[in-house]
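Fold and geometry: a report
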Amino acid sequence: MLMKENAEQLQSDKRRWRLREQASFDDVLAFLGCMADIMDAFDTIRELHPSDPMRCVFVARRVSVALRKMMLDGNGNLLKACLTEARIHPLKPPVSGARQVEAVQKLKAVEVKAVFEKEGKESVFDAPEGEHRITIDPLFGVFYEDGGIFAMESPFDLAGEPIKFQSWVNGRVIQVDEIVFRAADLLRLIANKEGAHIEHGHN
């Protein structure tokens, strides 16, 4: 019985974030500010309708900036300075048997006229109509329902053993063709492209 209680206590300790005794006041204040920003970001969308597509955008923009400060700046210096050992719940594997989804974009025929002023010439280029097909494999926290609807749920495996911070940020999250994004890459991309800057289009 005692061994079981000790095991449960150890498991509980691994799930709990503990403040470093030597953490500076400024670091703790910055850390708490980031946590407050994250909580406030979720509070601000409670009044929006659940089907409003901007709910996720609003949260992603604000949360990504706070997470970047905590987890990415200086390779996670703020998190490491404030916590004795930050462990994060792993991502939950996609539902077993989840199917691929194929998105099809219809492309209209386009005629482009190019004018070369120095040479005094014109050229006309014809791009025929066609289709652009994208195959989407199952993703963390996203599943496909009938009728063309994508539903979202928590991507975290709350029943799983929390893993070390460095392992989590270096974990593979998504792959586009041959390009693999780690959790850190994805957080930085969202923070930079959505949260802190206005940029049209992505690499």
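Being a predicted model, the structure only gives us computed values, none of them experimental.

Calculation criteria
Residue positions are counted from 1 within each chain, in the order its sequence is given. Given that the model is predicted, a residue must reach a pLDDT of at least 70 before its local features are reported, and side-chain atom pairs must reach 80 or more before they are shown or counted; all residues, however, enter totals for whole chains, interfaces and linings. As a rule here, side-chain values cover all heavy atoms of the structure and leave hydrogens and water aside. Between any two strands, at least two bridges found by DSSP are needed for them to pair. Helix numbering and strand numbering both begin at the N terminus, where a helix is a DSSP run of H or I of at least 4 residues and a strand a DSSP run of E of at least 2. By definition, a salt bridge exists where a carboxyl oxygen of Asp or Glu is found within 4 Å of a side-chain nitrogen of Lys or Arg. Classification of residues uses two cut-offs on accessible area relative to the type maximum, computed with a 1.4 Å probe and protein chains only: under 20% is buried, over 50% is exposed, and between them is partly exposed. Each residue carries a pLDDT score, the predictor's own confidence in it, on a scale running from 0 to 100. A patch consists of residues whose relative accessible area exceeds 30% and which take part in no salt bridge; residues with like charges are grouped when within 9 Å of each other, and nonpolar side chains (Val, Leu, Ile, Met, Phe, Trp, Tyr) when within 5 Å. Surface accessibility follows the Shrake-Rupley procedure with a 1.4 Å probe radius. Residue values consider only the protein chains on display as shielding.

Moving on to the pairing of strand 10 (residues 179–182). Across 4 bridges, the pairing between strand 9 (residues 172–176) and strand 10 is antiparallel. Note on strand 10: the bridge partner recorded for Val176 is Ile179. Here strand 9 folds back onto strand 10 in antiparallel fashion, the turn holding 2 residues, of which Asp177 has a positive phi close to 55 degrees.

Per the counting criterion, the structure on display carries 5 salt bridges. Across the pair Lys106 and Glu131 runs a salt bridge whose closest N-O atoms are separated by 2.5 Å. Of this pair, Lys106 sits in strand 2 (residues 101–107) while Glu131 sits in strand 5 (residues 130–136), placing them 25 residues apart in sequence. Among the residues examined, Lys106 registers a relative accessible area of 61% and is labelled exposed. Salt-bridge contacts for Arg182 lead to Asp185; the nearest nitrogen and oxygen are separated by 3.1 Å. By relative accessible area, Arg182 is classed as partly exposed at 29%. Accessibility expressed as a relative area gives 24% for Asp185, which makes it partly exposed. One connected set of salt bridges, linked through shared partners, spans Lys106, Glu131 and Arg133.

Low-confidence regions, as indicated by low pLDDT, have predicted coordinates that should not be scrutinised in detail. This prediction gives the protein chain a mean pLDDT of 80; 82% of its residues lie at or above 70. Confidence, read as mean pLDDT per element, is least for helix 1 (residues 2–15) in the protein chain (51) and greatest for helix 2 (residues 25–43) (91).

This paragraph deals with a nonpolar patch on the surface. Residues Val110, Val112 and Phe125 make up a contiguous nonpolar surface patch of about 260 Å² in total accessible area. Along the chain, Phe125 falls in strand 4 (residues 121–127). In this structure Phe125 comes out as partly exposed when scored by relative accessible area, which is 47%.

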